[in-house]
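A structural walkthrough
Below are the chains, spelled out letter by letter.
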Amino acid sequence: MSRHIGWIAGAAAAALVATGAITYAVAEDGGSGNLRVPAADSADAGFARDMAVHHQQAVEMSYIVRDRTGNEEVRRLAYDIAQTQANQRGMLLGWLDLWGLPKVSSEPPMTWMGMGGMASGKDGALMPGMATDAELKKLGELSGKQAEILYLQLMTDHHKGGVHMAEGCVAKCTVGVEKRLAQGMVDAQRSEIGLMTTMLEERGAEPRT
């Protein structure tokens, strides 16, 4: 097992442990009768809705690249990102259910951050950092090293957008367990950005931005 792969596996395991602990904490809070339910237009609800959408695209990209390359390091990274973000997405949607709040909003994404006009939604890019439909199509058409490079570039952009949004929750959310999850996302995704930058360098490429 390479040093990179070992780091990824350890990070994924830690994220799953943290996810379980946070889910348990929310359940306990709800069971005590002391659950503080945020408003539908709150940062807590907005972050849960928007990050669930953001995460879903990361899962999609990760499964696309696993079918387009035989490189075990990239495949393992993609698998770990898909599993971690699918797990977190389930938690975010579960919290909205727990709070009795809608999973969609008539307001533009990131309105809760005061940034509702940051992304036009053109060609599927609903929030900063998200890939367009054309980019996803291209990823599905490439193979080998070319697919690896585009995936790493797209996911680096995706993580940068996710970190920015998670930092917004850390600053604005009021539910403690959600703020802690958001901070965990910031820390993990920043580390993965560094890892992906190194992986791009190994392939003679670099992040797009």
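Please read all numbers here as calculations on a predicted model, not as lab measurements.

Counting its secondary structure elements, the protein contains 6 helices and 0 strands. Its helices and strands taken in sequence order, the protein reads α-α-α-α-α-α from the N to the C terminus. Looking at the protein as a whole, 46% of its 209 residues qualify as buried. Counting contacts in the protein only where the partners sit at least 6 residues apart, residues at least 24 apart contribute 76% of the total. As displayed, the protein has an accessible area near 9600 Å², and 54% of this comes from carbon and sulfur atoms.

Take Phe47: it is sitting in helix 2 (residues 43–66). Taking the relative accessible area as the measure of exposure, Phe47 reaches 0% and is therefore buried. As for Phe47 and Met165, which are separated by 118 residues in sequence, their C-alpha atoms are 7.5 Å apart. Contacts of Phe47, omitting those with residues within four sequence positions, involve Ala52, Leu92, Trp112, Met165, Ala166, Cys169, Cys173, Glu178, Ala182 and Met185.

If you check the backbone angles, Met110 has positive phi at about 70° while not being a glycine. Inspection of the secondary structure puts Met110 in the loop between helix 3 (72–99) and helix 4 (133–141). The residue Asp123 is not glycine, and still its phi comes out positive at about 55°.

Bringing the side chain of His55 into the picture now. Its place among the elements puts His55 in helix 2. Excluding residues that lie within four positions of it along the chain, His55 makes contacts with Gln85, Gln88, Arg89, Met185 and Gln189.

What follows deals with the packing of aromatic side chains. Under the counting rule described, the total for this entry stands at 2 aromatic pairs. A ring pair is formed by Phe47 and Trp112, whose centres lie 5.9 Å apart and whose planes are at 80°; its orientation type is edge-to-face. With Phe47 in helix 2 and Trp112 in the loop between helix 3 and helix 4, the pair connects residues that are 65 residues apart, well separated along the chain. Judged by relative accessible area, which is 12%, Trp112 ranks as buried.

With 28 residues, helix 3 extends 40 Å from end C-alpha to end C-alpha; this agrees with the ideal 40 Å at 1.5 Å per step. The first or second residue beyond helix 3 is Gly100, which carries a positive phi of 70°.

With that settled, consider the pattern of salt bridges. Applying the stated rule across the entire model yields 8 salt bridges. Between Glu167 and Arg190 there is a salt bridge whose closest N-O contact spans 2.4 Å. Taken together, the residues Glu167 in helix 5 (residues 144–172) and Arg190 in helix 6 (residues 176–202) connect sequence positions 23 residues apart. The residue Arg203 makes a salt bridge to Glu202 at a minimum N-O spacing of 4.0 Å.

Time to look at the confidence of the model for the protein. Looking at the protein, the pLDDT average stands at 87 and 81% of residues meet or exceed 70. This model gives residues 1–25 a pLDDT under 50, and the stretch forms 31 contacts once residues within four places in sequence are excluded.

Glancing now at the state of the cysteines. Applying the stated rule across the entire model yields 1 disulfide. Two residues, Cys169 and Cys173, share a disulfide whose sulfurs are 2.3 Å apart. What sets the handedness of the Cys169 and Cys173 disulfide is the S-S torsion sign, and at about -120° it is left-handed. For Cys169, a relative accessible area of 0% corresponds to the buried category.

Criteria and thresholds
Residues numbered from 1 in each chain as written. Predicted model: local features only at pLDDT ≥ 70, side-chain atom pairs only at ≥ 80, totals over all residues. Heavy atoms only, no water. Helix = DSSP H or I, 4+ residues; strand = E, 2+ residues; numbered from the N terminus. Buried < 20%, exposed > 50% of the residue type's maximum accessible area, 1.4 Å probe, protein only. Contact = heavy atoms within 4.5 Å. Areas by Shrake-Rupley, 256 points an atom, 1.4 Å probe, with all protein chains shown as cover. Phe/Tyr/Trp six-rings, centres within 6.5 Å; stacked < 30°, edge-to-face > 60°. Expected span 1.5 Å × (residues − 1). Salt bridge = Lys/Arg side-chain N within 4 Å of Asp/Glu carboxyl O. pLDDT = per-residue confidence, 0-100. Disulfide = S-S within 2.5 Å.

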